[in-house]
Amino acid sequence: QHKDAYQVILDGVKGGAKEKRLAAQFIPKFFKHFPELADSAINAQLDLCEDEDVSIRRQAIKELPQFATGDNLPRVADILTQLLQSDDSAEFNLVNNALLSIFKMDAKGTLGGLFSQILQGEDIVRERAIKFLSTKLKTLPEEVMTKEVEEFILTESKKVLEDVTGEEFNLFMKILSGLKSLQTVSGRQQLVELVAEQADLEQTFNPSDPDCVDRLQQCTRQAVPLFSKNVHSTKFVTYFCEHVLPNLSSLTTSVEGLDIQLEVLKLLAEMSSFCGDMEKLESNLKKLFDKLLEYMPLPPEEAENGENAGNEEPKLQFSHVECLLYSFHQLGRKLPDFLTAKLNAEKLKDFKIRLQYFARGLQVYIRQLRLALQGKTGEALKTEENKIKVVALKITNNINVLIKDLFHIPPSYKSTITLSWKPVQKADASQKRASEDTTSSSPPKKASAGGKYSSNLGSFSYEQRGGFRGGRGRGWGGRGNRSRGRIY
């Protein structure tokens, strides 16, 4: 009954603008009454979704959720996902709203459509589908985002993560770390394992390959917030000690203006507090110690009359030393007799001389900084120059505390400090990560110790384009050849 009449409405998509407008409204309205014409009805509505007249397109898209019943829902989700490539903002918003409304009907079915396009669709569709997930999932209520739905997201995400660009990886980590079921200790452990797999910690590290360095640096940056006293960073810390530290001076990066050596040392420092039991602790502590020595110069030789024998004062790289000293202090707790029992007397004496020389330069510099900041409050501390000085004071104070610990007999590892780039508490918000926008500022003049620290002290957040898994068709240059065109 009325089947012929409905067929006339379907044929309306081949008519003029007036007929198409009516068809866009009536095809979905009576859709449920004609299950045997379901395919023809959906295809007719699709034609209207691609009409040249923008008002017809918008009307057709707006009504698409009415077709999302039973087995048709994943197909409608797939279609809507492909329509995310629209450049018309009103149309794009309609597609977003339509996707959200079918999400509330059947979250897994909708996700099936989104993920099928992420895995097989056009690049623009893939990009927008990932962005949709990263921005919209967190807005959905708990009754939609059930444990089963979250498990489905994790399973499908793992398939995508086999072949992603750097930017996509960051977005997927944002999606996954927002899932309620992954907020637990075992959930965070799962995420760390995903990152470790992405970082490819089994591979040989190539410091002269910017892709290899950037991938490790970016993955580690994603892993750092996941570490805790229950979720250990041992695998990453071991890899950094064994493969990265010995090659520190050869590191290359494709990120302009980034001090990659300092960035890597900051990551190591942040991870070192959460390192568990390490297999080759003594050997890795030795590598860390040797690298620290490179940044802790011996005092220049003095002439007989006490004057400097013409040698230039060594530069003291405070930022690098803070990171290395902190990492050594954290791992040293696990082997407290390293300096006394594992080093020979000569080496220990040499280390103490270096520490003493560094501490002397440090004291001069701390006095200068305190003097420069004396009496300054509020707005005065917000100038670029003073923000740098505030951070420099944090760095130098931190190093001072750690050096004092190591001067104890036997060396002590009891002091706790907050790394200079980490926020201490909310009250410190004006100075928190003070250097985020100081990359181009030049540091203040140094004391006679010739001190040097990086003015690029802030936290690191950039989204690197390019791919992680070169051999899987989606290398840093772009993604592999996937099927093209609509697959409605």
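Located above this text is the structure these notes cover.
First, a word on what this report is: a plain description of the structure on this page. (Residues numbered from 1 in each chain as written. Predicted model: local features only at pLDDT ≥ 70, side-chain atom pairs only at ≥ 80, totals over all residues. Heavy atoms only, no water.)

**What about the overall build of the chain?**
The helix and strand inventory of the chain stands at 19 helices and two strands. Expressed as a percentage of its 488 residues, the buried residues of the chain come to 51%. Restricting the contact set of the chain to residue pairs at least 6 apart, pairs at least 24 apart contribute 72%. (Helix = DSSP H or I, 4+ residues; strand = E, 2+ residues; numbered from the N terminus. Buried < 20%, exposed > 50% of the residue type's maximum accessible area, 1.4 Å probe, protein only. Contact = heavy atoms within 4.5 Å.)

**A short note on the pattern of salt bridges**
For the structure on display, the rule yields 23 salt bridges. Here Lys 14 ties to Asp 11 by a salt bridge, and the two come within 3.9 Å at their closest N and O atoms. Look at Lys 14 and you get exposed, because its relative accessible area is 69%. Of the residues examined, Asp 11 reaches a relative accessible area of 36% and is grouped as partly exposed. Across the salt bridge formed by Glu 151 and Lys 147, the nearest N and O atoms sit 3.0 Å from each other. Linking Glu 151 with Lys 147, this pair stays in helix 9 (residues 147–160), spanning four residues, or about one helical turn. The exposed category is assigned to Lys 147, whose relative accessible area is 58%. Connected via shared salt-bridge partners are Arg 221, Glu 263, Glu 270 and Lys 422. (Salt bridge = Lys/Arg side-chain N within 4 Å of Asp/Glu carboxyl O.)

**Notes on helix 3 (residues 38–49)**
Between its first and last C-alpha atoms helix 3 spans 16 Å; for twelve residues at 1.5 Å apiece the expected length is 16 Å, and the two agree. By the burial criterion, the buried members of helix 3 are Ala 38, Ala 41, Ile 42, Ala 44, Gln 45, Leu 46, Leu 48 and Cys 49. Buried residues belonging to helix 3 abut helix 1 (3–11), helix 2 (17–30), helix 4 (54–63) and helix 5 (73–83). (Expected span 1.5 Å × (residues − 1).)

**Some thoughts on unusual backbone geometry**
With an omega of -10°, the peptide bond running from Ile 409 to Pro 410 counts as cis. Following the sequence through the fold, Pro 410 ends up in the loop between helix 19 (384–407) and strand 2 (451–452). Look at Asp 200: it is not a glycine, yet its phi comes out positive at around 55°. Mapped onto the fold, Asp 200 is located in the loop between helix 11 (185–199) and helix 12 (210–223).

**Some details on the side chain of Asp 405**
Following the sequence through the fold, Asp 405 ends up in helix 19. At 6.2 Å, Arg 333 is the nearest oppositely charged side chain to Asp 405, a buried residue that forms no salt bridge. Reaching out from Asp 405, the side chain makes a polar contact with the side chain of His 329 at a distance of 2.8 Å. Residues contacting Asp 405, with those up to four places away along its chain left out, are His 329, Pro 411, Ser 412, Tyr 413, Lys 414 and Ser 415. (Lys, Arg positive; Asp, Glu negative; His and termini not counted. Polar contact = N/O pair within 3.5 Å; in protein donor to acceptor, adjacent residues only side chain to side chain.)

**Considerations on the nonpolar core**
Ranked by internal contacts, the top residues of the largest apolar core, which has 146 residues, are Ile 27, Leu 80, Phe 236, Phe 328 and Leu 339. In terms of residue count, the dominant contributor to this core is helix 18 (residues 345–373) (eleven residues). Not counting chain neighbours up to four residues away, the residues in contact with Ile 27 comprise Tyr 6, Ile 9, Leu 10, Val 13, Ala 41, Ala 44, Gln 45, Leu 48 and Phe 67. (Core = buried A, V, L, I, M, F, W, Y, C linked by side-chain atoms within 4.5 Å.)

**Digging into the packing of aromatic side chains**
For any pair of aromatic rings, the description rests on two quantities: the centre-to-centre distance and the angle between the ring planes. Applying the stated criterion across every chain yields a total of 13 aromatic pairs. For the pair Phe 115 and Phe 172, a centre-to-centre distance of 6.5 Å together with 35° between the ring planes defines the contact as tilted. Of the two residues, Phe 115 is situated in helix 7 (residues 107–120) and Phe 172 in helix 10 (residues 166–177); the sequence distance between them amounts to 57 residues. For Phe 115, a relative accessible area of 1% translates into the label buried. Residue classification places Phe 172 among the buried residues on the basis of a relative accessible area of 0%. Grouping aromatic residues by their ring pairs yields a cluster made of Phe 289, Phe 328, Phe 338 and Phe 351. One Lys or Arg, Lys 266, reaches over the ring of Trp 421 and ends 5.2 Å from the middle of that ring. (Phe/Tyr/Trp six-rings, centres within 6.5 Å; stacked < 30°, edge-to-face > 60°. Lys NZ or Arg CZ within 6 Å of the ring centre and 35° of its normal.)

**Digging into helix 7**
Counting along an α-helix, one turn takes 3.6 residues, and residues three or four places apart therefore face a common direction. Look at helix 7: 20 Å from first C-alpha to last across 14 residues, which is about the 20 Å you get at 1.5 Å a residue. Extensive coverage of helix 7 is indicated by the burial of ten of its 14 residues. Those residues of helix 7 not exposed but buried are Ala 107, Gly 109, Thr 110, Leu 111, Gly 113, Leu 114, Phe 115, Ser 116, Gln 117 and Ile 118. Packing partners of the buried residues in helix 7 comprise helix 5, helix 6 (89–105), helix 8 (123–136), helix 9 and helix 10.

**Quick notes on the environment of Leu 111**
Here Leu 111 shows up in helix 7. For the pair Leu 111 and Phe 152, spaced 41 residues apart in sequence, the C-alpha to C-alpha distance is 8.3 Å. If we skip the residues at most four places from it in the chain, Leu 111 touches Phe 103, Leu 133, Val 149, Phe 152 and Ile 153.

**Digging into the side chain of Glu 322**
Mapping Glu 322 onto the fold places it in helix 16 (residues 318–332). In contact with Glu 322, other than residues within four places in its own chain, are Ile 395, Asn 398, Ile 399, Leu 419, Ser 420 and Trp 421.

**Describing the environment of Gly 361**
By the element assignment, Gly 361 lies in helix 18. Along the primary structure Gly 361 and Lys 315 are separated by 46 residues, whereas in three dimensions their C-alpha atoms are 10.0 Å apart.

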